[in-house]
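Architecture at a glance
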Amino acid sequence: MIDLRSDTVTKPCSRMLDAMMSARVGDDVIDIDPTVVALQERTAELLGKEAAIFMPSGTMTNQIALRCHCLPGDEFICEAQCHVYQYEQGGFAQLSGLVARTIEGVSGLLAPHQIEGVIRKEDDHSVRSRLFCLENTHNRGGGSVYPLSLVNELCGIAKAQGLATHLDGARLFNAQVATGVSAKQYCEHFDSISVCFSKGLGAPVGSCLAGSADFVRKARRARKLFGGGMRQAGFLAAAALYALENNVERLAEDHAHAKILAAGIAKTDHFQLVGTEPETNIVIFSVSADWGNAARFSELAMAKGLRCFPISAKNVRLVTHLDVSKADIERAVAIIRELDKTA
Ligand SMILES: *Cc1c(COP(=O)(O)O)cnc(C)c1O
């Protein structure tokens, strides 16, 4: 089975497991776990921030970031298709009393003029605009990458009007590898950044939230509230450290594989790429109405040995990752072309 449902499906390789098994650990809730500390320091350094904190998931790092930047009743501004808004159960409302102001981008990317008009002035009638969020690379945007100049311009507008800035960088290292712009450069104008180790980097679990030392202290308190304090978490942090040292540069292979899938899809009659050519490891395509729909595609693909997710009635998503080889990708293209011929 070739599983392209997500880059989260990867299993730790034997060297990653060795690193986990030999980790030095402590109790990260009572005081410290040395391997968690090493991961946090390394992540903070890579992102150019004072500190970072390890948590079980990217949903938790995002939601805690929102909570720490805002007060109940505050509003944050984000792109309408972003993970924070689409895939986290509105946790910001349920857990922190926040309101989201969504703006529809193009392939997930916002333009500067779109945010200028929506940041509210202080007024007794209105919620307070407090925070601006971006997602890079953008998941539902098809793994699209924000150009650095656009990130800086958007953050500049938000900051000039007194907003804090948060980056959902679940796949920030994909953006780094695709563009050659370092993660640190991308993070310069963000007050907080969430990164995931369990996506393309191939670790089994975990995310970090980075920011100023004060911000991270506040986030640590919220992590305990949210039930995210983990004791001998060094076993997991060791996997994330291994991933940072060994699995970043190789993301380029996943990007090359996504381009092969896209080229195969472009040759079909019934399936059409959504947006531009994939820039990173996500390929989204639509299924023509005369052929059927995304659910039918996923069902028939599965019967032929290819797993994928229908992400809407028409659209299917494929995600490349370190557990699929070039031969698997070529087989996937062959399956897609066979399905194209299936009336
Ligand atoms: C996967 C993902 C997250 C976090 O997801 P978890 O499953 O909670 O770790 C956050 N943002 C984006 C863009 C993602 O793709």
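Burial runs high along strand β3 (residues 75–79): five of the five residues are buried. As paired strands, β3 and strand β4 (residues 99–103) are joined by five bridges and run parallel to one another. Residue pairing across strands places F76 opposite A100, the latter belonging to β4. Bridge analysis of β3 against strand β5 (residues 129–135) gives three bridges, and the strand direction is parallel. Within β5, the position partnered with I77 by the bridge is F132.

Bringing the packing of aromatic side chains into the picture now. In the structure shown here, the tally under the stated rule is eight aromatic pairs. Aromatic side chains F76 and F92 sit 4.9 Å apart centroid to centroid with 80 degrees between the ring planes, which places their arrangement in the edge-to-face category. In this pair, F76 is assigned in strand β3 and F92 in helix α5 (residues 91–96), connecting sequence segments 16 residues apart. When its relative accessible area of 0% is taken as the criterion, F76 is described as buried. Residue F92 is classed as buried on the basis of its relative accessible area, which comes to 6%. A ring pair is formed by W291 and F297, whose centres lie 6.0 Å apart and whose planes are at 50 degrees; its orientation type is tilted. We note that W291, like F297, is buried. One aromatic cluster is present, formed by F271, F285, W291 and F297 through successive ring pairs.

Moving on to the pattern of salt bridges. Within this structure, the stated rule accounts for 17 salt bridges. When the shortest N-O distance is used, the salt bridge between E75 and R101 registers 3.9 Å. Of this pair, E75 sits in strand β3 while R101 sits in strand β4, and the two are 26 residues apart along the sequence. E75 gets classed as buried once you look at its relative accessible area, which sits at 1%. R101 sits in the partly exposed class, given a relative accessible area of 26%. Salt bridges sharing partners connect three or more residues here, namely R42, E45 and E245.

A separate point is the environment of S57. Residue placement: S57 occurs in the loop between β2 (51–55) and α3 (58–69). Separated by 281 residues in the primary sequence, S57 and E338 have C-alpha atoms spaced 37 Å apart. A polar atom in the side chain of S57 sits 3.5 Å from the backbone nitrogen of T59.

Relative to each other, helix α1 (residues 14–21) and helix α11 (residues 234–246) sit at 135 degrees, their axes nearing to 8 Å. With respect to α11, the axis of α1 lies oblique. For the pair α1 and α11, the sense of crossing is right-handed. Contact residues: α1 offers R15, M16, A19, M20 and M21, while α11 offers F235, L236, A238, A239, Y242 and A243. The class makeup of the residues in the contact of α1 with α11 is ten nonpolar, no polar and one charged.

What follows covers the site of the ligand. The full set of residues close to the ligand is S57, G58, T59, N62, H83, E135, N139, D168, A170, R171 and K199. T59 has a polar side-chain atom sitting 2.5 Å from an oxygen atom of the ligand. N139 is positioned such that a nitrogen or oxygen atom in its side chain is 3.1 Å from an oxygen atom of the ligand. In isolation the ligand exposes 380 Å². Once the protein is present, 84% of that is buried. Broken down by element, the shell around the ligand gets its largest block of residues, three residues, from α3. Tallied by class, the residues present in the shell around the ligand amount to one nonpolar, six polar and four charged.

About the criteria used
Residues numbered from 1 in each chain as written. Predicted model: local features only at pLDDT ≥ 70, side-chain atom pairs only at ≥ 80, totals over all residues. Heavy atoms only, no water. Buried < 20%, exposed > 50% of the residue type's maximum accessible area, 1.4 Å probe, protein only. Helix = DSSP H or I, 4+ residues; strand = E, 2+ residues; numbered from the N terminus. Pairing = 2+ DSSP bridges. Phe/Tyr/Trp six-rings, centres within 6.5 Å; stacked < 30°, edge-to-face > 60°. Salt bridge = Lys/Arg side-chain N within 4 Å of Asp/Glu carboxyl O. Polar contact = N/O pair within 3.5 Å; in protein donor to acceptor, adjacent residues only side chain to side chain. Axes fitted to C-alpha atoms, helices over the stretch in contact; angles between N-to-C directions. Parallel < 35°, antiparallel > 145°, perpendicular 65-115°, else oblique. Left-handed = near helix turned anticlockwise from the far one by under 90°. Contact = heavy atoms within 4.5 Å. Nonpolar A, V, L, I, M, F, W, Y, C, P; charged D, E, K, R; others polar. Near = heavy atom within 4 Å. Areas by Shrake-Rupley, 256 points an atom, 1.4 Å probe, with all protein chains shown as cover.

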